[in-house]
Amino acid sequence: MASIVPPVSEQLPIAVLVSGTGTNLQALLDTVHEHEARVVAVASSVADAPALARAAERGVPTAVFRRSEYADRNARDDAMADWLVQCGVRLVVLAGYMELLSEGFLGRFSSAVINVHPSLLPAFPGLEAIEQALRYGVKVFGVSVHFVDAGVDSGPVILQRAVELPDAREPGEVLRALRPLEHALLPEAVRLFARGALSADPSNPRRIVIAG
Ligand code: GRF
């Protein structure tokens, strides 16, 4: 079965897209960066996102692409894609990036954009996933890492992990329980991608097969 990306012998050049705190970016910088992968670019939709300082501290080039500075979302995404292509990016990782990407952007990084989401998809896509799950009254929460398509958190799932929190009431306590899962799963997905270990099941392309 053909893998989604051919394995590269050197470190896979990746970009991380952020909008906020950047703890998932930090997890990538602390694990796969300069090992299986190299974070060559960090792009933010928010000018003062704390994630930018985390990148700068490791000497990773950063840029801000604010929606308000472009005619429309497509123009912003085109400019961001241009920069990432110039940086030689082979995989785009969304780590708390709070915007949808245009189809034009996704077309330029076909099957090479992944996202971390704090729910067990397909449950609770979109904003405030943890709040949605609490309102629903679930007993099991979790994290998904998935390929990004044109929909909202609707692309094929790469990795998922669950945690039982039958008594949870507050978003903060759920977030604290999910953080370590996110910080383990996102780097693991990058490692698998870099190894060329991910492929789509020919009989069900939504099912991502992980080579042993
Ligand atoms: C994470 O919970 C992630 O799942 C969601 O946004 C949050 C980003 O957190 N998509 P951080 O900026 O990486 O700390």
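Anyway, here's the lowdown on the structure attached to this text. Counting restarts for each chain: residues are numbered from 1 in the order of the written sequence. This being a predicted model, a pLDDT of at least 70 is required before a residue's local features are given, and a value of 80 or more before pairs of side-chain atoms are given or counted; all residues contribute to the totals for chains, interfaces and linings. Side-chain measures were taken over the full set of non-hydrogen atoms in the model, leaving aside hydrogen atoms and water.

Points about the overall build of the protein
At step 1: For helices the rule is a DSSP run of H or I covering at least 4 residues; for strands it is a run of E covering at least 2, with both sets numbered from the N terminus onward. On a plain count of helices and strands, the protein comes out with six helices and nine strands.
At step 2: Computation of the radius of gyration draws on C-alpha atoms, with the globule rule given as 2.2 Å multiplied by the number of residues to the power 0.38. For 212 residues, the compact-globule estimate of 2.2 N^0.38 gives 17 Å, and the C-alpha radius of gyration of the protein, at 17 Å, lies within 12% of that figure.
At step 3: Scored against the burial criterion, the 212 residues of the protein give a buried share of 46%.
At step 4: Between two residues, a contact is recorded if the distance between any of their heavy atoms is within 4.5 Å. A separation threshold of at least 6 residues defines the contact pool for the protein, and within that pool the share at least 24 residues apart is 64%.
At step 5: Here the protein displays about 10,000 Å² of accessible surface, and carbon together with sulfur accounts for 51% of that area.
At step 6: The average position of the 19 basic charges and that of the 24 acidic charges among the side chains of the protein differ by 2 Å. Each residue gets one of three labels from its accessible area relative to the maximum for its type: buried under 20%, exposed over 50%, partly exposed in between, using a 1.4 Å probe on protein chains only. All accessibility values rest on the Shrake-Rupley procedure with a 1.4 Å probe; residue burial counts only the protein chains present in the view. His is not counted here, nor are the chain ends, while Lys and Arg score as positive and Asp and Glu score as negative. Every charge is mapped to an atom, namely NZ of Lys, CZ of Arg, CG of Asp or CD of Glu.

Side note on the nonpolar core
At step 1: The nonpolar core is taken to be a set of buried Ala, Val, Leu, Ile, Met, Phe, Trp, Tyr and Cys residues, with the residues joined through side-chain atoms within 4.5 Å. The biggest cluster of nonpolar side chains holds 67 residues, and the ones touching the most others in it are V16, L17, L84, F105 and I114.
At step 2: In terms of residues, this core owes the most to one element, helix α6 (residues 171–194), which gives 10 residues.
At step 3: Once residues lying within four places of it in the same chain are set aside, the contact partners of F105 are L17, D77, M80, A81, L84, V92 and V113.

Overview of the sheet that holds strand β3 (residues 62–64)
At step 1: In short, DSSP must find at least two bridges between two strands for them to pair. As summarised here, the arrangement of the seven strands in space is β3-β2-β1-β4-β5-β6-β7, forming an open sheet in which the pairing is mixed. Looking at which strands have only one partner, the edges of the open sheet turn out to be β3 and β7 (157–164). For this sheet the average axis-to-axis angle between neighbouring strands, irrespective of direction, equals 20°.
At step 2: Looking at chain direction, strand β4 (residues 91–94) and strand β5 (residues 113–117) are connected through three bridges and run parallel. Considered in β5, the bridge of V92 is made with V113.
At step 3: Each axis is a line fitted through C-alpha atoms, and for a helix only the stretch in contact is used; angles between axes span 0 to 180 degrees, taken between their N-to-C directions. Where helix α1 (residues 23–30) meets the sheet, its contacts fall on β1 (12–18), β2 (37–44), β4 and β5, and the angle it forms with β1 comes to roughly 160°.
At step 4: Contacting β1, β2 and β3, helix α2 (residues 50–57) crosses the sheet at an angle of about 155° to β3.

Quick notes on the site of the ligand
At step 1: What makes a residue near a molecule or strand is one non-hydrogen atom of that residue sitting within 4 Å of it. In the vicinity of the ligand, the residues found are T21, G22, T23, N24, G96, V116, H117, P118, R179 and E182.
At step 2: A 3.5 Å cut-off defines polar contacts: any pair of N or O atoms within that distance qualifies, except that in protein one atom must be a possible hydrogen donor and the other a possible acceptor, and neighbouring residues in sequence count only when both atoms are side-chain atoms. At a separation of 2.8 Å, an oxygen atom of the ligand approaches a polar side-chain atom of N24.
At step 3: Here an oxygen atom of the ligand sits 2.4 Å away from a polar atom, N or O, in the side chain of E182.
At step 4: If the ligand stood free it would expose 370 Å²; the protein chains cover 87% of that surface.
At step 5: Applying the majority rule of atoms within 2 Å of the grid points places the ligand in the largest pocket.
At step 6: If you list the elements that add at least two residues to the shell around the ligand, you get α1, β5 and α6.
At step 7: In the shell around the ligand, the residues fall into two nonpolar, six polar and two charged. The pocket and cavity definitions rest on a 1 Å grid over protein atoms only: a 1.4 Å probe that fits but cannot leave marks a cavity, an open set with protein on both sides within 12 Å along at least five of seven lines marks a pocket, and residues lining either have an atom within 4 Å of a point. For a molecule to be placed in a cavity or pocket, more than half of its atoms must lie within 2 Å of the grid points of that cavity or pocket. In this classification, Asp, Glu, Lys and Arg are treated as charged, Ala, Val, Leu, Ile, Met, Phe, Trp, Tyr, Cys and Pro as nonpolar, and every other residue, Gly included, as polar.

Comments concerning the packing of helix α5 (residues 129–136) against α6
At step 1: One can describe the packing of α5 onto α6 by two numbers: an axis separation of 10 Å at closest approach and a directional angle of 120°. For the pair α5 and α6, the crossing hand works out as right-handed. Between α5 and α6, the residues in contact are I130, E131 and L134 and P171, V174, L175 and L178, respectively.
At step 2: Counted by class, the contact of α5 with α6 contains six nonpolar, no polar and one charged residues. Rotating anticlockwise by less than a right angle from the far helix to the near helix defines a left-handed crossing, while the corresponding clockwise rotation defines a right-handed one.

Here's the deal with α6
Structural remark: α-helix, 3.6 residues per turn; residues separated by three or four positions point the same way.
At step 1: In this model, α6 (24 residues) spans 33 Å end to end at C-alpha, consistent with the 34 Å of a helix rising 1.5 Å per residue.
At step 2: The largest bend in α6 amounts to roughly 35° and is located at L178, with the proline P180 lying one to four residues further along.
At step 3: Of the residues making up α6, those classed as buried are V174, L178, L181, E182, L185, L186, P187, A189, V190, L192, F193 and A194.
At step 4: Once α6 finishes, G196 follows within two positions and takes phi at roughly 70°, a positive value. By this rule the span expected of a helix is its residue count minus one, scaled by 1.5 Å. The seven residues ending at a residue and the seven starting there each receive a fitted axis; the angle between those axes is the bend at that residue.

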